[in-house]
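Chain by chain, the residues:
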Amino acid sequence: MDRSKLDGLMRPKSIAIVGASTDPTKIGYTVVKNIIEGGYEGKIYPINPKATELLGLKVYPTLMDVPDDIDAAVITVPAKLVISVVEDAGKKGVKGLIIITSGFAESGNRKLEQEVVAKAQEYGVRILGPNIVGTLSNAEKLNASFAPTLPLPGKGALISQSGALLISLDMATFTRKVGFEKLISIGNMSDIDFADLVEWLDEDESVSSISLYIEGFKDGRKFMDVAKKAKKPVIALKAGVSAHGAVAAASHTGSLAGAAKVYGAAFQQAGVVQATDLNNLFDLSLTLSLQPPMYGDNLVIITNGGGVGVLATDAAERFGLPLKFVPKDVQEELKKHMPEFGSAKNPVDLTGMAGYDWYYDTVKFVIAHAWTEGLVILYCETAMTDPMEIAKGIIVALDEANVHGKPVTISFVGGEKSEKAMQWLVEQNIPSFSAPDLAVHAISALREYARMKEIVSESDHQTIPVDKEQALRIIKLAREDGRDSLTEVEAKQVFAAYGLPTTTTLLAKSEDEAVKLAKEIGFPIVMKIVSPDILHKSDAGGVKVNIKDVTSCREAFKTIMANAKEYKADANIHGIAIQEMAPWGTEVILGSVNDATFGPTMMFGLGGIFVEILKDVTFRVAPVSKNSALRMIGEIRGAPILAGVRGEEPRDREMLAETISRYAQMIVDLQDDVSESDANPVLVYAEGKGLKVVDARIILKKK
Ligand code: ACO
C-alpha cells in the first residue's frame, strides 16, 4: 500500500472543506467550525463559490484557487456535484477526500459512486466514504466531521461502518470514560476499506489498538490477510448475524453456515478479538490498548471480598481461564500478608481488613512471581479503607515490580470514591471496571489474543497430491447434462479424486445389473436412488440398507423405483447406487459453502440425521492445514466422543484431520464450480482404522 496518500488524508498539513457554508444549519458550516474548535494546527481552506469569509477564514471559490498545496479535502456538496469536485481535487494534487455526502450506493446510486471512484483513481486520489460522518483524531487535533467534538482522548482507534453509531459513541467516550485516539467513519467503502485502514493504523504510532464496528466486508480475504499481519490488536464487533433474512440452502452445511459462524471463524483465523456488544467493544478497546497479551493460563485473582472473588472465579471459567491454586511457595509467602482467616490459594482473599500495605505487598510479590501470567485485582469499598489509597498501593507495587509482559486488570466495586479511583487507575494505564466479571472478561480477551496470534503464525497453505483434472471432468459432464448438482455417485468420484475414503458405490441401471454389482461388492449392501431431482433420498423412500442376498436386492430395486416414481413422477432417474455397507462408526459431517464474503469455507461437526438440531459444528475459511483440522476436531462439544469416552476406543482423529484438510483443498481448487457440499455421514473408526464417507452431495454454482 502507498502510505503517502493515506498519510495525507489522516494526518493532513492542510485541509479544504468543499461546500463550506455560512449557514450555521448546514453540515458544510459545522465541519469548518469543528475543525477550528478542535484546535487543528494545519492550514484550513473553506471552499464556496459565493462566500468570501467564514468564521474568520478566507473562503476560496474552488480548490484550484487555493495558492498552496492541499493534503485532504472534506466534501459536503450534494451528490451530483461531487464528481466535478473530485476532478478539481485530482488536478490540484489533493491526496485524500473525506466524502461526507450521502446519495450513492447506499441509496441504490451505484453508478454515480463508481464514476466518482473512477475519477479519483484517474488522479490517484484516495476516498474515505462516501456517506460518512468524517474522521476525528486527538493527536492531530482534527475534527473533520459533523460529530459534536473530539472524543475523550485514549489510545485506541475505532472505525465504524455506521455513521450515526460513530457520533453516539463519540459522546459515549465521555460518559463511559473510555477514550479513543481516533474515530473514523468508513461508510460505503467505495475505495478505502477496513483492510486499508487497519494496515495504515498498524504503523501509526498514536494508536495501540484498532476496534471495528462491521456490518459487512466487501473482500473478506483481503481483511484476513491484513489482520493476520497486524502487530497491534484488532477487535471486531460484527453486526447482522441473526438468522433473519438468511438465504435458503441446499445442503446441511449451507443451512448451518450463518454470518456469525463464518465471520467468527475468519476472525479467529486472522487473530481478531471478537467483541460481544458495544459495551464489550469499549472494554476490549481499552484493555487491548493498555495491556500486553497474556501468554499463559496462570491467572491470579487478589481480592478483599469473598463475593467478588467467587464471581470472578465463575467468570474465569466461563471465559476459558479456569483458576488453579497458586503453588505452595506462593501460598506460604502470601500468608504473611493476610490474617489467619484469609485465603492464600486463588483467589487470594486478603479479607475486608486489607489496606494499602497488604495490597502493595501481595501485588508486588504476585506479579513478579514466575508462576503468574496474568493478574486481576478486586476491591470492595469498605468503611475501613479508602479506594484511592488502595489504587495507589497497587500502582506503586506494579511500578516497583517493573514487570513487563504480564497483563493486569482491576475491578473496584463501590460508589463515587471507587469510580474516581478507577478513573485514576485507567490514567495509569490499568483497565478498571465496575464489576469483577468485566475485569476477568477483559483479561481473558488478552489471553485469547495471545492464543490466536500463536496459531495465526502457522501457515494453512500446503500441497496435497490430488487429481483435480478428474474432479473437473466429472463436473463438466454433469454440466453438459444440464445439471447444477452432482449425483451421489459423481460426488463420491470427486471426493475420491481428492483422496477422501468413500464407500464403494456403483451405478446400476437395471435389476440384473444391480445383482451383478452387488455380487462384485459383496453382500450386505446398501441401495439408494440416484436422481438429480431427488436430493433427500430417504424422504422419497429411496434408500434400503443391509440387503443380504440376491432376492432382497431384486425386491429392493423394484420398491425403490416405485417409491421414487410415486414421490416425483417426472423425476430423471439415473438408476440405483449399489453401495458397500460400511460397518458402524462415529458419525461426523464434513461440508463446505462458498461464502459471498470469504469464499470457500469448511465445516466439520458431529454428523448424521441430527446435525441441524444439535448444530455441533465448527468452521474455517479454507485452506485448512492438518493442524488446524485437529483443532477443529478438538473444539466441537462432541470432541470427547471422538477422543474416546467410557471405555470406547479413541477414533482415528489423525485420518479425520487429513480428510478435513484434503476436503478444504478440494473446495479451494473447485471454487469456481462448487457452491455447497456435504459428506454426511462420514463414519470414523477406531485409531488406525480410518474412516468412510457414506453419503455425498455437491451443489454446483449456477452458470
Ligand atoms: N464548490 C463549493 N461549494 C459548493 C459547490 C462547489 N462546487 N456547489 C455548491 N456549493 C455550496 C453551496 O452553495 C452550499 O453553500 P451555501 O449554503 O453557502 O449556499 C454548500 O456548498 C452546500 O450545498 P447545499 O446545496 O446547500 O447542500 P446541503 O448542505 O443542503 O447538503 C450534503 C449537502 C450535506 C452533503 C447533503 O447532500 C448530504 O449528503 N447529507 C447527508 C450527509 C450525511 O448524513 N452523511 C453521513 C451519513 S452517516 C449518518 O447517518 C450520520
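Residue indices follow the written sequence of each chain, beginning from 1 at its first position. Side-chain atom pairs in this predicted model are given and counted only at pLDDT of 80 or more, local residue features only at pLDDT of at least 70, and totals for whole chains, interfaces and linings cover all residues. With hydrogens and water excluded, all non-hydrogen atoms of the structure serve as input to the side-chain values.

**Student:** Hey, could you run me through the overall build of the protein in this one?
**Tutor:** When you go through the protein residue by residue, the secondary structure sums to 24 helices and 30 strands. Taking the principal axes of the C-alpha coordinates as reference, the protein spans close to 95 × 80 × 40 Å. Only protein chains enter the accessibility calculation, which uses a 1.4 Å probe; a residue whose area is less than 20% of its type maximum is buried, one above 50% is exposed, and one in between is partly exposed. Sorting the 703 residues of the protein into buried and exposed places 56% on the buried side. Taking as baseline every contact in the protein between residues at least 6 positions apart, the subset at least 24 positions apart corresponds to 72%. Total accessible area computed for the protein in this model is approximately 29,200 Å², and 52% of it derives from carbon and sulfur atoms. Residues scored as charged are limited to Lys and Arg (positive) and Asp and Glu (negative), so that His and the chain ends carry no count. In plain terms, the charge of a residue is placed at NZ if it is Lys, CZ if Arg, CG if Asp and CD if Glu. Computed over 77 positive and 91 negative side-chain charges, the separation of the two mean positions in the protein equals 3 Å. Helix numbering and strand numbering both begin at the N terminus, where a helix is a DSSP run of H or I of at least 4 residues and a strand a DSSP run of E of at least 2. Throughout, a residue-residue contact means that at least one pair of heavy atoms, one from each residue, lies within 4.5 Å. Residue-level accessible areas treat just the shown protein chains as cover; the underlying method is Shrake-Rupley with a 1.4 Å probe.

**Student:** Looking at this model, I keep getting lost on empty space enclosed by the protein. Mind explaining?
**Tutor:** Empty pockets left among the atoms are what a rolling probe the size of a water molecule brings to light. Note on definitions: the grid is 1 Å and covers protein atoms alone; a cavity is a set of points where a 1.4 Å probe fits but cannot get out; a pocket is an open set with protein on both sides within 12 Å along at least five of seven lines; lining residues have an atom within 4 Å of a point. Grid points are joined across faces, edges and corners, and a volume is the space filled by probe spheres set on the points. Using the criterion set out here, one finds three cavities of 30 Å³ or more in the structure. Approximately 120 Å³ is the volume found for the largest cavity. Lining the largest cavity are 13 residues, with Leu486, Thr487, Glu488, Ile534 and Lys537 sitting closest to its centre. Where the lining of the largest cavity is concerned, the elements lending two or more residues are strand S22 (525–530) and strand S30 (696–700). Here the lining of the largest cavity is composed, by residue class, of eight nonpolar, two polar and three charged. Counted as a void, the second largest cavity has a volume near 50 Å³. Lining the second largest cavity are Met189, Asp193, Phe194, Ala195, Phe217, Lys218, Asp219 and Phe223. Residue composition of the lining of the second largest cavity, by class: five nonpolar, no polar and three charged. Polarity classes work like this: nonpolar for Ala, Val, Leu, Ile, Met, Phe, Trp, Tyr, Cys and Pro, charged for Asp, Glu, Lys and Arg, and polar for all others, with Gly in that last group.

**Student:** What is the right way to look at the site of the ligand in this model?
**Tutor:** Around the ligand sit 22 residues in total, of which Ser21, Lys26, Asn48, Lys50 and Ser102 are the nearest. Think of a polar contact as two N or O atoms within 3.5 Å of one another; within protein, one of them needs to be a possible hydrogen donor and the other a possible acceptor, and neighboring residues in sequence only count if both atoms come from side chains. Note that an oxygen atom of the ligand is positioned 2.9 Å from one of the side-chain N or O atoms of Asn48. One of the side-chain nitrogen or oxygen atoms of Lys50 is found 2.9 Å away from an oxygen atom of the ligand. Starting from 1,000 Å² of accessible surface for the ligand in isolation, the protein chains cover 71%. Only heavy atoms are used to decide nearness, and a residue is near a molecule or strand if one of them lies within 4 Å of it.

**Student:** Sorry if this is basic, but what is going on with the packing of helix H22 (residues 626–635) against helix H24 (residues 653–669) here?
**Tutor:** Working note: a packed helix pair is described by the angle between its axes plus the distance between those axes. In contact at an axis separation of 8 Å, H22 and H24 are set at 115° when each is read in the N-to-C sense. Like other packed secondary-structure pairs, H22 and H24 cross with a definite hand, here right-handed. In contact with Lys626, Ala629, Leu630, Met632 and Ile633 of H22, H24 contributes Arg653, Glu654, Leu656, Ala657, Glu658, Ile660 and Ser661. In this analysis, axes come from line fits to C-alpha atoms, helices being fitted only over the stretch in contact, and the angle between any two N-to-C directions falls in the range 0 to 180 degrees. Crossings are sorted by hand: turned counterclockwise from the far helix by less than a right angle, the near helix makes the crossing left-handed, and turned clockwise it makes it right-handed.

**Student:** Explain the packing of helix H14 (residues 387–401) against helix H15 (residues 416–427) to me, please; I cannot follow it from the model alone.
**Tutor:** One can describe the packing of H14 onto H15 by two numbers: an axis separation of 8 Å at closest approach and a directional angle of 25°. It follows that H14 is roughly parallel to H15 by the angle criterion. The way H14 lies across H15 gives a crossing that is right-handed. Counted together, Pro387, Met388, Ala391, Lys392 and Ile395 of H14 and Lys417, Ser418, Lys420, Ala421, Trp424 and Leu425 of H15 form the full contact between these two elements. These descriptions rest on fixed angle ranges, namely under 35 degrees for roughly parallel, over 145 for roughly antiparallel, 65 to 115 for roughly perpendicular, and the rest for oblique.

**Student:** Please clarify how the sheet that holds strand S13 (residues 234–238) should be interpreted in this entry.
**Tutor:** Paired through their backbone hydrogen bonds, the strands of a sheet run either parallel or antiparallel. Two strands qualify as a pair provided that DSSP identifies no fewer than 2 bridges between them. One open sheet accounts for seven strands, arranged S9-S8-S11-S10-S12-S13-S14; its pairing is mixed. The open sheet has two free edges, formed respectively by strand S9 (142–145) and strand S14 (273–274), since each of these has just one partner strand. Relative to strand S12 (residues 209–214), strand S10 (residues 156–160) is paired through five bridges, and the arrangement is parallel. What sits directly across from Gly156, in S12, is Ser209. Strands in contact with helix H5 (residues 163–176) are strand S8 (134–137), S10, strand S11 (182–185) and S12; relative to S11, the strand with the most contacts, it is inclined by about 160°.

**Student:** Just checking my understanding: could you explain the packing of aromatic side chains for this structure?
**Tutor:** To describe a pair of aromatic rings, one takes the distance between the centres and the angle between the planes. Within 6.5 Å between ring centres, the rings of Phe, Tyr and Trp (the latter by its six-membered ring) count as paired, and their orientation is classed by plane angle as stacked under 30 degrees, edge-to-face over 60, tilted in between. Tallied over the full model, the rule gives 14 aromatic pairs. Their ring planes at 90° and their centres at 6.2 Å tell us that Phe217 and Phe598 sit as a pair that is edge-to-face. Here Phe217, found in the loop between S12 and helix H7 (220–229), pairs with Phe598, found in the loop between strand S25 (586–595) and strand S26 (599–606); they are 381 residues apart in sequence, far enough to count as distant. Residue classification places Phe217 among the buried positions, given a relative accessible area of 9%.

**Student:** What exactly am I supposed to notice about the pairing of S8 here?
**Tutor:** Successive residues of a regular strand alternate their side chains across the two faces of the sheet. Neither face of S8 is left uncovered, since the one carrying Gly134 and Leu136 and the one carrying Thr135 and Ser137 both have all their residues buried. Where S8 meets S9, four bridges bridge the pair, whose relative direction is antiparallel. Among the inter-strand pairings, Gly134 is bridged to a residue of S9, identified as Ser145. The antiparallel hairpin formed by S8 and S9 contains four residues in its connecting segment, where Lys141 sits at a positive phi of about 50°.

**Student:** Looking at this model, I keep getting lost on helix H6 (residues 194–202). Mind explaining?
**Tutor:** Along H6, eight of the nine residues are buried, which leaves the element largely enclosed by surrounding structure. Along H6, the residues that are buried comprise Phe194, Ala195, Asp196, Leu197, Val198, Trp200, Leu201 and Asp202.

**Student:** Looking at this structure, how should I read the side chain of Asp170?
**Tutor:** By the secondary structure assignment, Asp170 is in helix H5. Should a side-chain nitrogen of Lys or Arg be within 4 Å of a carboxyl oxygen of Asp or Glu, the pair is scored as a salt bridge. Nearest to the buried, unbridged Asp170 among oppositely charged side chains is Lys33, at 12 Å. Residues contacting Asp170, with those up to four places away along its chain left out, are Leu136, Ala147, Pro148, Thr149, Leu150, Pro151 and Leu183.

**Student:** Whenever I open this one, the nonpolar core confuses me. Can you help?
**Tutor:** Inside soluble globular proteins, nonpolar side chains tend to come together where they are buried. Throughout, nonpolar core names a set of buried Ala, Val, Leu, Ile, Met, Phe, Trp, Tyr and Cys residues whose side chains join them through atoms within 4.5 Å. Grouped together as the largest cluster of nonpolar side chains are 65 residues, with contacts concentrated most on Ile35, Ile159, Phe194, Leu212 and Phe223. In this structure, Phe223 is in contact with Phe194, Ala195, Val198, Leu212, Phe217, Val234, Phe267 and Val272, ignoring residues within four places of it in sequence.

**Student:** Can you walk me through the pairing of strand S18 (residues 408–413) in this structure?
**Tutor:** Most of S18 sits inside the fold, with five of its six residues counted as buried. Bridge count between strand S17 (residues 374–380) and S18: six bridges; the pairing is parallel. Considered in S18, the bridge of Leu378 is made with Ser411. Seen with its strands pointing away from the viewer, a crossover is right-handed if its path from the first strand over the helix to the second goes clockwise. The parallel pair S17 and S18 is bridged by H14, and the resulting crossover is right-handed. With H15 bridging S18 and the parallel strand S19 (residues 432–433), this β-α-β connection has right-handed handedness.

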